[in-house]
Amino acid sequence: MTYKAVNILFVSLLLLLLGFYFMMGWPFWPLPLLVVIYITFILIVSTNVQFNFFVKAYNRNPDFPENAVALSFDDGPDENTLKILDVLDKHDAKAVFFCIGKKIKEHPQIFREILKRGHIVGNHTYSHTRRMGFLSSKTIENEITECDNIATQIGGVKMNLFRPPFGIINPKTKRALQKTGHKVIGWNIRPYDAITSSPEVIINRITKRLHKGDLILLHDNMDKTYIILEQLLVFLRQRDFAVVRLDKLFRINAYT
C-alpha cells in the first residue's frame, strides 16, 4: 500500500466516523483512536527503511547464488576505521562504508585509504543530524549533495548509494532522493552495536539469525568494532560464508 493510499484510507475513515458521530450519535473516542493509529503507523514506517514503504531500499538478497553476506559500516571515516581496514585485509574481505561528509573532511586520508584498499563508499549525509526526520526536503537534498561533493573532491568518486541516518525515510526524504537519484541501502541484520557495550552480545545478535544474502550493519566509529569484526569473520569462515561487496550482492553500481 502506498503513502497516498494510506492517506486516502485514513481521511475516508475519519470522515465516516465523523458522520456517524454527528448523525447517528456514535461515541467520539474512535476518532482520536484512529488518529493515534495513523500517527503510530507513519512513525513505524518512517523509521524502518526495511519496510520499503516510501522508497525501494536494498536490504537483503536471499536469491544471491553464493552462500555469502555483505558487510557495511556507518558513521566514519574515523581513526578506528584503520583498524577495521586491517582486519578486513587480514581476512581478504571487502565492505561498504557509508561516510558522513563532515567526517570525510576531517579524515581525508582515511577516506582515501578505504578506496585504496578496494572497498566502496556510500553517502550518509553531510552532518548525520538527529533532526533528520524533521528536515525539509530541500535541506535533506543539500545534506546529500554536500556529502557527494566532498567525496568527489577528496576521493574522486561520485557516490550512487545512500543510507539514511537512523534508517529514517519519509515523504521529504523521498522527494530529496528523486532529485539526487541515489539508490537507498538499508540492512536486515542490525545488532545495535552503537548502543550495546558487550561484543559477545553483538556477535550473538548477528550470528544467531544469519542467512545467505544478508546485509550486516556495523559502525566503524566504535572502539570495539574491529574486535567484533575479527570474531565475525572467523565465524563466517567456519560456517562457509563468503563476504562479498554490497554492489555485487545486489548487482548495482556503487558510483555513477
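Please read these numbers as outputs of a predicted model, since none were measured by experiment.

A. Broad picture of the overall build of the protein chain. Secondary structure assignment for the protein chain yields ten helices and eight strands. On the principal axes, the C-alpha backbone points of the protein chain span a range of 75 × 40 × 35 Å. Put simply, the protein chain has 256 residues, and 51% of those count as buried. Looking at the protein chain alone, contacts between residues at least 24 apart form 76% of all its contacts between residues at least 6 apart. Computing the positive centroid from 33 side-chain charges and the negative centroid from 23, the protein chain places the two 7 Å apart.

B. Looking closely at the pairing of strand S4 (residues 120-123). Judged by which residues are buried, S4 turns out to be covered on both faces: Ile 120 and Gly 122 on one side and Val 121 and Asn 123 on the other are all buried. Relative to S4, strand S3 (residues 96-99) runs parallel, the two being bridged by four bridges. Bridge pairing in S4 places Phe 98 opposite Gly 122.

C. The packing of helix H8 (residues 199-207) against helix H9 (residues 225-238), seen in detail. Orientation of H8 relative to H9, taken along the N-to-C sense of each, is 35°, at an axis distance of 10 Å. Crossing geometry of H8 relative to H9 is assigned as right-handed. Along the contact surface, H8 presents Pro 199, Ile 202, Ile 203, Ile 206 and Thr 207, while H9 presents Ile 228, Gln 231, Leu 232 and Phe 235. Of the residues in the contact of H8 with H9, the class split is seven nonpolar, two polar and no charged.

D. Quick peek at the side chain of Thr 129. Mapping Thr 129 onto the fold places it in the loop between S4 and helix H6 (137-155). Of the polar contacts made by the side chain of Thr 129, one reaches the backbone nitrogen of Arg 131; its length is 3.0 Å. Filtering out sequence-adjacent residues up to four positions away, Thr 129 remains in contact with Leu 135 and Phe 166.

E. Layout of the nonpolar core. In this structure, Leu 161, Ile 185 and Leu 246 are the most contacted members of the largest nonpolar core, which totals 41 residues. When residues of this core are assigned to their parent elements, the largest contribution, five residues, is made by helix H2 (residues 30-46). Leu 246 has contacts with Ala 70, Val 96, Phe 98, Ile 120, Leu 161, Ile 185, Leu 215 and Ile 252, leaving out every residue within four places of it along the chain. One finds Leu 71, Cys 99, Val 157 and Leu 233 within the second-largest nonpolar core, a separate group that totals 36 residues.

F. Broad picture of the packing of helix H3 (residues 79-90) against H9. It is at 9 Å that the axes of H3 and H9 come closest, and there the two elements cross at 15°. Put simply, H3 runs roughly parallel to H9. The handedness of the crossing between H3 and H9 is right-handed. Across from Lys 83, Ile 84, Val 87, Leu 88 and Lys 90 in H3, the residues of H9 making contact are Thr 225, Tyr 226, Leu 229, Glu 230 and Leu 233. Its residues assigned to classes, the contact of H3 with H9 comprises six nonpolar, one polar and three charged.

G. The state of the cysteines, seen in detail. For the structure shown, the criterion picks out zero disulfides. In this structure Cys 99 is not part of a disulfide, and its nearest cysteine sulfur, from Cys 147, lies 7.2 Å away.

H. View of H6. For H6, spanning 19 residues, the distance from its first C-alpha to its last is 27 Å, which sits close to the expected 27 Å at 1.5 Å a residue. Buried residues in H6 make contact with S3, helix H4 (101-106), helix H5 (108-116), S4, strand S5 (161-162) and helix H7 (171-180). Directly after H6, the chain includes Gly 156, whose backbone phi takes a positive value near 70°.

I. The arrangement of the environment of Asn 204 in detail. Along the polypeptide, Asn 204 turns up in helix H8. Residues Asn 204 and Arg 117, 87 residues apart in the sequence, show an inter-C-alpha distance of 28 Å.

J. Layout of the packing of aromatic side chains. Inspection of the entire model under this criterion finds nine aromatic pairs. For the pair Phe 41 and Phe 53, a centre-to-centre distance of 5.4 Å together with 85° between the ring planes defines the contact as edge-to-face. Pair noted here: Phe 41 is in helix H2 and Phe 53 is in the loop between H2 and strand S1 (57-58), with a separation of twelve residues, a long-range link. According to the relative accessible area criterion, Phe 53 is buried, its value standing at 17%. Each ring, one from Tyr 58 and one from Phe 250, has its centre 5.4 Å from the other, and the planes form 55°; the classification is tilted. You can see Tyr 58 sitting in strand S1 and its partner Phe 250 sitting in helix H10 (residues 246-250), a full 192 residues away along the chain. Through a chain of ring-to-ring contacts, the aromatic side chains of Tyr 3, Phe 41, Phe 53 and Phe 54 assemble into a single cluster. The aromatic ring of Tyr 58 is capped on one face by Lys 56, whose charged end is 4.6 Å from the ring centroid.

The rules behind these values
- Residues numbered from 1 in each chain as written.
- Predicted model: local features only at pLDDT ≥ 70, side-chain atom pairs only at ≥ 80, totals over all residues.
- Heavy atoms only, no water.
- Helix = DSSP H or I, 4+ residues; strand = E, 2+ residues; numbered from the N terminus.
- Buried < 20%, exposed > 50% of the residue type's maximum accessible area, 1.4 Å probe, protein only.
- Contact = heavy atoms within 4.5 Å.
- Lys, Arg positive; Asp, Glu negative; His and termini not counted.
- Charge placed at Lys NZ, Arg CZ, Asp CG, Glu CD.
- Pairing = 2+ DSSP bridges.
- Axes fitted to C-alpha atoms, helices over the stretch in contact; angles between N-to-C directions.
- Left-handed = near helix turned anticlockwise from the far one by under 90°.
- Nonpolar A, V, L, I, M, F, W, Y, C, P; charged D, E, K, R; others polar.
- Polar contact = N/O pair within 3.5 Å; in protein donor to acceptor, adjacent residues only side chain to side chain.
- Core = buried A, V, L, I, M, F, W, Y, C linked by side-chain atoms within 4.5 Å.
- Parallel < 35°, antiparallel > 145°, perpendicular 65-115°, else oblique.
- Disulfide = S-S within 2.5 Å.
- Expected span 1.5 Å × (residues − 1).
- Phe/Tyr/Trp six-rings, centres within 6.5 Å; stacked < 30°, edge-to-face > 60°.
- Lys NZ or Arg CZ within 6 Å of the ring centre and 35° of its normal.

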